[in-house]
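The lines below spell out each chain.
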Amino acid sequence: MSENYDVIVIGAGPAGYHAAIRCAQLGLETACIDKSIGKSGDPAYGGTCLNWGCIPSKALLDASHKFEDAQKHFSEIGINVSGVEVDVAAMMARKDQVVQGLTSGVAGLFKGNGVTDLPGRGKLLAGCQVEYTSHGGEQQILEAEHVILAPGSVPVEIDPAPLTDHLIVDSTGALEFQSVPERLGVIGAGVIGLELGSVWNRLGSEVVLLEALEEFLPMADERIARDSLKLFANQGLDIRLGTRVIGAKVDAGAVLVSYQDGDGEHSLEVDKLIVAVGRRPYTEDLLSPDCGVNLDERGFLCVNDLCATDAPRVYAVGDVVRGPMLAHKGMEEGIMVAERIAGQKPSVNYDCVPSVIYTHPEVAWVGKTEQELKASGDTYNVGTFPFAASGRALAANDTGGMVKILADAESDRVLGVHVVGPQASELIAQAVIAMEFDACAEDLGLTMFAHPTLGEAVHEAALGVAGHAIHMVNRKKR
Ligand code: FAD
Ligand code: NAD
């Protein structure tokens, strides 16, 4: 094994493995160190995203959605089924198979692209040296021209609800339940709470989400958050806002949760409790004290807009640095840093990072919310279009939600697009492309969308910005 590399990447999550592959594609001698071990006992590249995050959660979201559709909605479209049952063990096994396929796929991509994979731990020393400790415990000092730190994040734990083996769990534990809990509590009605709460709700759990904030999804557009809350409540998610959990303990095989809200103290008994109150940067034993990389007050690695740390030739990307903790944001940072190391000049457009919550309907957005525009005093026009008026959504029996477009009042430039509805995760890409190219709402209105598609709702909302959506009554002549 060579001890000198052009680039050493620490962490093979989406940020790190994208960086490593792009470096190798650009002809740089690259090694990637990652400590994750999969269920088979082998190294499992892909980080949180492939092992315990995006992919396993979406496998369960898709499977549970199909189950709920078959159970509750097939008869509405003339398909009668009986005896629809969940086989949790089979669902979990399939999820594990998808994870295994993708993590070994990353190992294959490393091999194919010539990235040296080093299973074990990496620690940055001064002068771009890296201490590599294999899983067997052998240590080696490696030299690099450049180092990219991509160690990711881990779930936040809270004192009132300490995790136990199987009853009080974090998101990783919630992806491993072996049966459907009759009663499920979730602390935190954020992205993970809603996604994993939806999975188990669809499979039959009674789900209560305890959210500290008075406001639901404060990062989303207010109108979209309000409509989403109604849709989720109709699905049976019991979302209790403005609650403060003060304790959780295991008693006779159940979990007793105590919490406070405006009406005083309450208790809730559940069979399992998921703690989903956010994630924090993971930097345990990553940095030697003299390596020159600094942390901010919240524990993130300090970087500039180009992901350079305070140490020369050391970069940091992904969840461990400022910005949203999203896989695609980390991927783009990883690619940018690789290309910068190779002498190119790309940058990441942090104004165009899409967010998606993979509930059903999905919630997705990019750019500014209406409340942000109001707060900054910007003038804007709004176009909305409900899926209830979309031919394709009606044909698919999936009409909840709407598209909302915000455009600058003077220039008509698209400032934000917000969707709650079927396939919102796919529709938002249209908005991201439009915003990347500085499109006006009129540009979207002049673009031809295939009929019948859900994308036509984006088209109609764009026409609605100027007040002339076709499938909505608007008596003003424009
Ligand atoms: P990570 O994916 O956390 O990877 C870091 C890797 O580095 C890990 O393998 C870790 O073991 C390794 N590592 C850390 N320190 C060291 C060290 N010193 N030496 C060696 N290796 C080290 N995001 C989305 O965009 N879409 C989603 O749908 C989505 N769903 C999610 C669902 C869940 C349940 C969770 C928990 C997260 C989800 N996320 C989603 C967030 C997403 O997983 C993260 O944003 C993303 O994985 C961050 O990528 P990363 O490469 O920065 O870090
Ligand atoms: P989050 O920040 O989305 O939600 C956490 C929620 O918990 C917030 O609403 C917060 O107000 C609440 N909370 C915090 N402390 C609390 C307490 N003591 N009691 C009650 N409520 C409390 O975080 P998350 O859902 O844990 O997700 C972590 C990260 O993972 C997010 O940043 C997200 O970007 C990423 N993620 C993304 C996706 C996706 O893109 N679809 C899916 C899952 C996770």
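In the block above lies the structure referred to throughout.
Cut-offs used in this document
- Residues numbered from 1 in each chain as written.
- Chains lettered and ligands numbered in written order.
- Predicted model: local features only at pLDDT ≥ 70, side-chain atom pairs only at ≥ 80, totals over all residues.
- Heavy atoms only, no water.
- Helix = DSSP H or I, 4+ residues; strand = E, 2+ residues; numbered from the N terminus.
- Buried < 20%, exposed > 50% of the residue type's maximum accessible area, 1.4 Å probe, protein only.
- Contact = heavy atoms within 4.5 Å.
- Areas by Shrake-Rupley, 256 points an atom, 1.4 Å probe, with all protein chains shown as cover.
- Lys, Arg positive; Asp, Glu negative; His and termini not counted.
- Charge placed at Lys NZ, Arg CZ, Asp CG, Glu CD.
- Near = heavy atom within 4 Å.
- Polar contact = N/O pair within 3.5 Å; in protein donor to acceptor, adjacent residues only side chain to side chain.
- Nonpolar A, V, L, I, M, F, W, Y, C, P; charged D, E, K, R; others polar.
- Right-handed = clockwise from strand over helix to strand, strands pointing away.
- Pairing = 2+ DSSP bridges.
- Salt bridge = Lys/Arg side-chain N within 4 Å of Asp/Glu carboxyl O.
- Phe/Tyr/Trp six-rings, centres within 6.5 Å; stacked < 30°, edge-to-face > 60°.
- Axes fitted to C-alpha atoms, helices over the stretch in contact; angles between N-to-C directions.

Asks: How should the overall build of the chain be read in this particular structure?
Replies: In terms of regular secondary structure, the chain is built from 13 helices and 21 strands. Structurally, the chain occupies a C-alpha span of about 70 × 60 × 45 Å along its principal axes. The buried share of the chain, reckoned over its 478 residues, is 50%. Of the contacts made within the chain by residues no fewer than 6 positions apart, 62% connect residues no fewer than 24 positions apart. Just so you have it, the chain exposes about 21,900 Å², and 50% of that area is on carbon and sulfur atoms. Distance between charge centres in the chain, computed from 37 positive and 65 negative side chains, equals 4 Å.

Asks: What exactly am I supposed to notice about the site of ligand 1 here?
Replies: As a matter of local geometry, ligand 1 sits amid 38 residues, with D34, S36, T48, K58 and D319 nearest to it. Taking D34, its side chain carries an N or O atom lying 2.8 Å from an oxygen atom of ligand 1. Between ligand 1 and C54, the relevant distance is 3.5 Å, taken from a nitrogen atom to a main-chain nitrogen or oxygen of the residue. For ligand 1, the accessible surface in isolation is 1,000 Å², of which the surrounding protein chains cover 94%. Elements represented by at least two residues in the shell around ligand 1 include exactly α1 (14-25), β2 (30-34), α2 (47-52), α3 (54-73), β3 (116-124) and α8 (327-341). With four residues, α2 is the largest single contributor of residues to the shell around ligand 1. Across the shell around ligand 1, the residue classes tally to 17 nonpolar, 15 polar and six charged.

Asks: How should I be thinking about the environment of V303 in this particular structure?
Replies: Here V303 shows up in the loop between β15 (279-281) and β16 (314-316). Sequence separation of V303 and N4 is 299 residues, and the distance between their C-alpha atoms is 25 Å. Apart from residues lying up to four places away in sequence, V303 is in contact with A308, T309, A316, V321 and R322.

Asks: Sorry if this is basic, but what is going on with the pairing of β2 here?
Replies: Within a regular beta strand, the side chains point alternately toward one face of the sheet and then the other, so they alternate between its two faces. Among the five residues that make up β2, five are buried, leaving the element largely enclosed by the rest of the structure. Across the two faces of β2 the burial is the same, with T30, C32 and D34 and A31 and I33 all buried. You can see the chain leave strand β1 (residues 4-10), run along α1 and come back into β2, and the turn it takes is right-handed. Taken together, the four bridges between β2 and β3 define a ladder with parallel strand orientation. The residue bridging I33 from the neighbouring strand is L118, located in β3.

Asks: What should I look at first to understand the site of ligand 2 in this one?
Replies: Near ligand 2, the surroundings consist of 19 residues, among which I192, E195, E211, G278 and V356 are the closest. In this structure, an oxygen atom belonging to ligand 2 sits 2.8 Å away from a main-chain N or O atom of I192. Between an oxygen atom of ligand 2 and a main-chain N or O atom of G278, the distance comes to 2.8 Å. Here ligand 2 has 840 Å² of accessible area as a free molecule, and 75% of this is covered by the chains. Looking at the shell around ligand 2, the element that brings in the most residues is helix α6 (residues 191-202), giving three residues. Tallied by class, residues from the shell around ligand 2 come to 13 nonpolar, three polar and three charged.

Asks: Any chance you could explain the pattern of salt bridges here in plain terms?
Replies: Where charged atoms of side chains with opposite charge meet at close range, the side chains can pair. Under the definition given, this model contains 17 salt bridges. Between E176 and K95 there is a salt bridge, with its nearest N and O atoms 3.1 Å apart. With a gap of 81 residues between them, E176 in the loop between α5 (171-174) and β8 (183-187) and K95 in helix α4 (residues 88-113) connect regions that are remote in the sequence. The partner of E269 in a salt bridge is R183, with the nearest N and O atoms 3.4 Å apart. Note that E269 is positioned in strand β13 (residues 264-270) and R183 in strand β8, a separation of 86 residues in sequence. Residues joined in a network through salt bridges with shared partners are K39, K95, D96 and E176.

Asks: Can you walk me through the environment of P312 in this structure?
Replies: Relative to the assigned elements, P312 resides in the loop between β15 and β16. Sequence separation between P312 and A126 is 186 residues; the distance between their C-alpha atoms is 9.9 Å.

Asks: Explain the packing of aromatic side chains to me, please; I cannot follow it from the model alone.
Replies: How two aromatic rings sit relative to each other is set out by the distance from centre to centre and by the angle between their planes. The full count for this structure, using the stated rule, is three aromatic pairs. Relative to F110, the ring of Y45 lies with its centre 5.4 Å away and its plane at 55°, an arrangement referred to as tilted. Note that Y45 is positioned in the loop between β2 and α2 and F110 in helix α4, a separation of 65 residues in sequence. In this structure F110 comes out as buried when scored by relative accessible area, which is 0%. Considering the side-chain rings of F177 and W200, the 5.1 Å spacing of their centres and the 45° angle between planes classify their relative orientation as tilted. With F177 in the loop between α5 and β8 and W200 in helix α6, this residue pair connects regions lying 23 residues apart in the sequence. The class for W200 is buried, based on a relative accessible area of 0%.

Asks: Looking at this structure, I do not really get the sheet that holds strand β18 (residues 362-367). What am I missing?
Replies: Strand pairs in the sheet, formed through backbone hydrogen bonds, run parallel or antiparallel to each other. One open sheet accounts for five strands, arranged β17-β18-β21-β20-β19; its pairing is antiparallel. Where the open sheet ends on each side, the last strands, each with one partner, are β17 (355-357) and β19 (380-386). When the angles between neighbouring strand axes are averaged without regard to direction, this sheet yields 10°. For β18 and strand β21 (residues 414-421), the ladder comprises six bridges, and the chain directions are antiparallel. Considered in β21, the bridge of A364 is made with V419. Against the sheet, helix α13 (residues 456-465) contacts β19 and β20 (402-408), and its axis sits at roughly 145° relative to β19.

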